[in-house]
Amino acid sequence: FAWARRALGRDAHGRLRLALLAGLTAMAAAYAASLYPQWGVAALNPTEDAYAAIVFALLSWQGFHVGVLTVMTLYTLARSAFGRLHARRRLTFDNTMLMWCYMVGQGIVALLVINLFPRAIG
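Residues numbered from 1 in each chain as written. Predicted model: local features only at pLDDT ≥ 70, side-chain atom pairs only at ≥ 80, totals over all residues. Heavy atoms only, no water.

Moving on to a nonpolar patch on the surface. Judged by side-chain polarity, I54, V109, V113, F117 and I121 come together as a nonpolar surface patch covering roughly 440 Å² of accessible area. Considering each element in turn, the nonpolar patch owes the most residues, 3 residues, to helix α4 (residues 91–120). Looking at the secondary structure, you find V113 in helix α4. (Patch = residues over 30% accessible without salt bridge, like charges linked within 9 Å, V, L, I, M, F, W, Y side chains within 5 Å. Areas by Shrake-Rupley, 256 points an atom, 1.4 Å probe, with all protein chains shown as cover. Salt bridge = Lys/Arg side-chain N within 4 Å of Asp/Glu carboxyl O. Helix = DSSP H or I, 4+ residues; strand = E, 2+ residues; numbered from the N terminus.)

Right, here's the structure in full:
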């Protein structure tokens, strides 16, 4: 997002769109990388025990925010494509960036809980 912010400051919309698309791709890949080990490899079932239910809840919450951020990023891309986003009119970009920062922090906390909790209890 820092690369996208610099591109917006220079009105380099091609770089801005590329940075946003790269971030969107990385976000989807990171979510899939955190989801697959829990259900594809470990085959956790949220109805079996509390840990699986917690993992399911955290990953569902993260998945919801992945969807919201996807819509926000696509909207920001559309505003950029139609010339409605530039260095002085950047509220859409700033709101998307704030949501992105929140989701990164939330994802880190979720990953710490999911991966460190089992190790902490033995």
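Another aspect to go through is the nonpolar core. Grouped together as the largest cluster of nonpolar side chains are 10 residues: A4, A7, L8, L16, A19, L20, L77, L85, F93 and M97. For L16, the residues in contact, after removing those within four places along its chain, are A4, A7, L8, S80, L85 and F93. By size, the runner-up hydrophobic cluster in this structure holds 8 residues, among which are Y31, M99, W100 and M103. (Core = buried A, V, L, I, M, F, W, Y, C linked by side-chain atoms within 4.5 Å. Buried < 20%, exposed > 50% of the residue type's maximum accessible area, 1.4 Å probe, protein only. Contact = heavy atoms within 4.5 Å.)

In this model, α4 (30 residues) spans 42 Å end to end at C-alpha, consistent with the 44 Å of a helix rising 1.5 Å per residue. Of all the bends found along α4, the most pronounced is centred on I114 and spans about 25°, while P118, a proline, follows it within four residues. Restricting attention to buried positions, one finds in α4 the residues T92, F93, T96, M97, M99, W100, M103, Q106, G107, A110 and I114. The elements touched by buried residues of α4 are α1 (2–9), α2 (13–41) and α3 (50–81). (Expected span 1.5 Å × (residues − 1). Bend = angle between axes of the 7 residues up to and from the residue.)

α2 packs onto α1 with a crossing angle of 160° between their chain directions and a minimal axis gap of 8 Å. The orientation of α1 with respect to α2, classified from their angle, is roughly antiparallel. α2 is crossed by α1, and the crossing has left-handed handedness. Two secondary-structure elements touch here, α1 through W3, A4, A7 and L8 and α2 through H13, R15, L16, L18, A19 and L20. Residue composition of the contact of α1 with α2, by class: 8 nonpolar, 1 polar and 1 charged. (Axes fitted to C-alpha atoms, helices over the stretch in contact; angles between N-to-C directions. Parallel < 35°, antiparallel > 145°, perpendicular 65-115°, else oblique. Left-handed = near helix turned anticlockwise from the far one by under 90°. Nonpolar A, V, L, I, M, F, W, Y, C, P; charged D, E, K, R; others polar.)

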